[in-house]
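Structural description and commentary
For reference, the chains in residue letters:
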Amino acid sequence: MKSLFPVLALLVFFGFHIGIYFLFIKRIVKPKIPLRILKYFLVFNFFGVVLYFFGRYVMDLPQSVYFLASLSIGVGFVLFVVMLLYQVLLLFLYLIGILFPKFSQERRGFFQNALNLTSGVFALGYLGVGLVEGRLVPIVEKVKISLNGLKGKITAVQISDLHIGGLIEENVVAAVVKQVNALKPDFIVLTGDIIDAEVSRVPKAIDALAKLQAPLGVYFILGNHEYFHGIASLLEVLKDKGIIVLENACVLLEKGEAKLNLAGVYDLFGRRINALEPDLEQALQKRIPTYPLVLLAHQPKFAFEVKESHDVNLILSGHTHGGQIFPFSLFVKFDQPYLKGLYQHSRTTQIYVNRGTGFWGPPMRILSRAEITSFEFVGV
């Protein structure tokens, strides 16, 4: 499965680049020399995508090379989106020509040239905005949630989808840890896709992550990306560092009169490989029914497996990155029911979806800034 994902991704990006050239670049650039330059740029950009996956899954690359390779992912996606928008506007101009035959060829040519120029400028601006937002420090989202049956107050911080590895190294992790510890939560949850590399390749980043501090503990669940990178050794290292891994398990957290059950399940990806599969019934075996229950599940769609009879008060998830680069969020909605923020899933269950504390692929975000979530849980 680890080897299949890069191959499928490369096929998708190959298709992107073919479409970008024939349906966008070749139509807006007429002079031969600029067209040839842009053609070679797209070829090199695709090889940058290849290099990115090579560096992600095969061997380490120098940081500067890896950064440029990761940008190729963003360039490919952004140009593909601009190409789609360009085609829609071209169709609009074509329909105007049919509906209004008196609309002169000269005017259509003017609007066509204006569209060509605007599309190029928009693509550059789109990339620039994405790079700026992608490098901003995570914003702290403060969320107050009432839990039925909770006495007193208890606080937590959620980190998700940090994707340690590649461009997310020790310095980035240390900065996130500093932000989180400054919030002084009672407990911390890491809701999957925290580590996206072989654990032996990121020892300093893991050491930095282990400096998270909370009196009631730091809790971790698997995301789909952890399955790609020697999961057994990863879990062993995390446990040695004092991070509590919830493997279809439940613990009771107590702060004075405030008590709640915290449960966590394996990721749904485990069912694809028939190993480390999520089992909600097993996870809830040791729950104490008189206290509220918070469930950690990496993918929001796991909420569909939670019935009212399970009496889950709140699900904390990640996975979606909030779409990361708009309008990718529109595609995420085809796979996940919830994108970002707080939702009322059922009469008894709420779900909060973290937008991700890091990023996957290019160091870019558009309309989905990286997030650290600070929760205040109170009784109803």
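Under an unreviewed UniProt entry, the protein chain has the name Metallophosphoesterase and belongs to Helicobacter winghamensis. In its Sequence similarities (unreviewed entry) section, the UniProt entry covering the protein chain states "Belongs to the metallophosphoesterase superfamily."

**Considering the overall build of the protein chain**
For the protein chain, the helix and strand inventory stands at 10 helices and 12 strands. In terms of overall dimensions, the protein chain is globule-like: its C-alpha atoms have a radius of gyration of 23 Å, near the 21 Å expected for 380 residues. With the principal axes as the frame, the protein chain shows a C-alpha extent of 75 × 45 × 40 Å. Taken over 380 residues, the protein chain has a buried fraction of 53%. When contacts within the protein chain are restricted to residue pairs at least 6 apart in sequence, long-range pairs at least 24 apart make up 74% of them. Roughly 17,900 Å² of accessible area belongs to the protein chain as shown, and the carbon and sulfur atoms make up 64% of that amount. For the protein chain, the separation between the mean place of its 37 positive charges and that of its 28 negative charges on side chains is 11 Å.

**A look at the UniProt feature "transmembrane region" (unreviewed entry) in the protein chain**
Summarizing the sequence annotation, UniProt attributes the feature "transmembrane region" (unreviewed entry) to residues 6–25, 37–59, 65–98 and 110–132 in the numbering used throughout. Counting secondary structure, residues 6–25 comes out at 100% helix and 0% strand; the distance between its end C-alpha atoms is 26 Å.

**As for the sheet that holds strand 10 (residues 341–344)**
Reading across from one edge, 6-7-8-9-11-10 is the order of the 6 strands in this open sheet, with mixed pairing throughout. Single-partner strands in this sheet number two, and they are strand 6 (249–255) and strand 10. Sheet twist, expressed as the mean angle between neighbouring strand axes with direction ignored, is 20°. Relative to strand 7 (residues 258–264), strand 6 runs antiparallel, the two sharing 7 bridges. Its bridge partner being in strand 7, Val251 is matched across the sheet by Leu262.

**A word on the domain arrangement of the protein chain**
Under the domain assignment, the protein chain is made up of domain 1 (4–134) and domain 2 (139–379). When each unit is reduced to the centre of its C-alpha atoms, the spacing between domain 1 and domain 2 is 35 Å. In this assembly, 25 residues from domain 1 lie in contact with 25 residues from domain 2. Carbon and sulfur atoms supply 63% of the area that domain 1 and domain 2 bury against each other, a total of about 2,100 Å² over both sides. For the interface between domain 1 and domain 2, the tally reads 0 salt bridges. Counting every contact that joins domain 1 to domain 2 gives 5 residue pairs in polar contact (both at pLDDT 80 or more). For the side of domain 1 that touches domain 2, the secondary structure elements donating two or more residues are helix 2 (32–57), helix 3 (63–99) and helix 4 (105–134).

**Looking at the nonpolar core**
Ile164 and Leu190 are the most contacted members of the largest nonpolar core, which totals 75 residues. The dominant element in this core, judged by the number of residues it contributes, is helix 3, at 14 residues. A domain split of this core shows at least three residues from each of domain 1 (4–134) and domain 2 (139–379). Among residues more than four places away in sequence, those in contact with Leu190 are Ile159, Leu209, Leu212, Val218, Tyr219, Phe220, Ile221 and Ile243. Counting residues in each nonpolar core, the second largest holds 23 residues, with Val143, Leu150, Leu246 and Phe377 among its members.

**Observations regarding a nonpolar patch on the surface**
Judged by side-chain polarity, Phe326, Phe328, Leu330, Phe331, Phe334 and Leu367 come together as a nonpolar surface patch covering roughly 690 Å² of accessible area. Tracing the chain through its elements places Leu367 in the loop between strand 11 (350–353) and strand 12 (371–379).

**Some words on the UniProt feature "domain: Calcineurin-like phosphoesterase" (unreviewed entry) in the protein chain**
When the UniProt feature table is mapped onto this chain numbering, "domain: Calcineurin-like phosphoesterase" (unreviewed entry) sits at residues 157–322. In this annotation, residues 157–322 is assigned 23% helix and 22% strand; the end-to-end C-alpha distance for the span is 18 Å.

**Describing the pattern of salt bridges**
Inspection of the entire model under this criterion finds 10 salt bridges. Glu141 is paired through a salt bridge with Arg355; the nearest N and O atoms lie 3.0 Å apart. With a gap of 214 residues between them, Glu141 in strand 1 (residues 139–147) and Arg355 in the loop between strand 11 and strand 12 connect regions that are remote in the sequence. Its relative accessible area of 12% is what places Arg355 among the buried residues. A salt bridge links Lys301 to Asp335; its shortest N-O distance comes to 3.0 Å. Taken as a pair, Lys301 in the loop between strand 8 (293–296) and strand 9 (314–317) and Asp335 in helix 10 (residues 328–335) lie far apart in primary sequence, 34 residues in all. Given the relative accessible area of 25%, Lys301 is considered partly exposed. Using a relative accessible area of 40% as the deciding quantity, one classes Asp335 as partly exposed. Overlapping salt bridges bring together Glu141, Arg355 and Glu371 as one network.

Analysis parameters
Residues numbered from 1 in each chain as written. Predicted model: local features only at pLDDT ≥ 70, side-chain atom pairs only at ≥ 80, totals over all residues. Heavy atoms only, no water. UniProt positions renumbered as here; feature names shortened; annotations may be inferred. Helix = DSSP H or I, 4+ residues; strand = E, 2+ residues; numbered from the N terminus. Rg over C-alpha atoms; globule rule 2.2 N^0.38 Å. Buried < 20%, exposed > 50% of the residue type's maximum accessible area, 1.4 Å probe, protein only. Contact = heavy atoms within 4.5 Å. Areas by Shrake-Rupley, 256 points an atom, 1.4 Å probe, with all protein chains shown as cover. Lys, Arg positive; Asp, Glu negative; His and termini not counted. Charge placed at Lys NZ, Arg CZ, Asp CG, Glu CD. Pairing = 2+ DSSP bridges. Axes fitted to C-alpha atoms, helices over the stretch in contact; angles between N-to-C directions. Domains from an automatic or database assignment. Buried area = accessible area lost by both parts, 1.4 Å probe. Salt bridge = Lys/Arg side-chain N within 4 Å of Asp/Glu carboxyl O. Polar contact = N/O pair within 3.5 Å; in protein donor to acceptor, adjacent residues only side chain to side chain. Core = buried A, V, L, I, M, F, W, Y, C linked by side-chain atoms within 4.5 Å. Patch = residues over 30% accessible without salt bridge, like charges linked within 9 Å, V, L, I, M, F, W, Y side chains within 5 Å.

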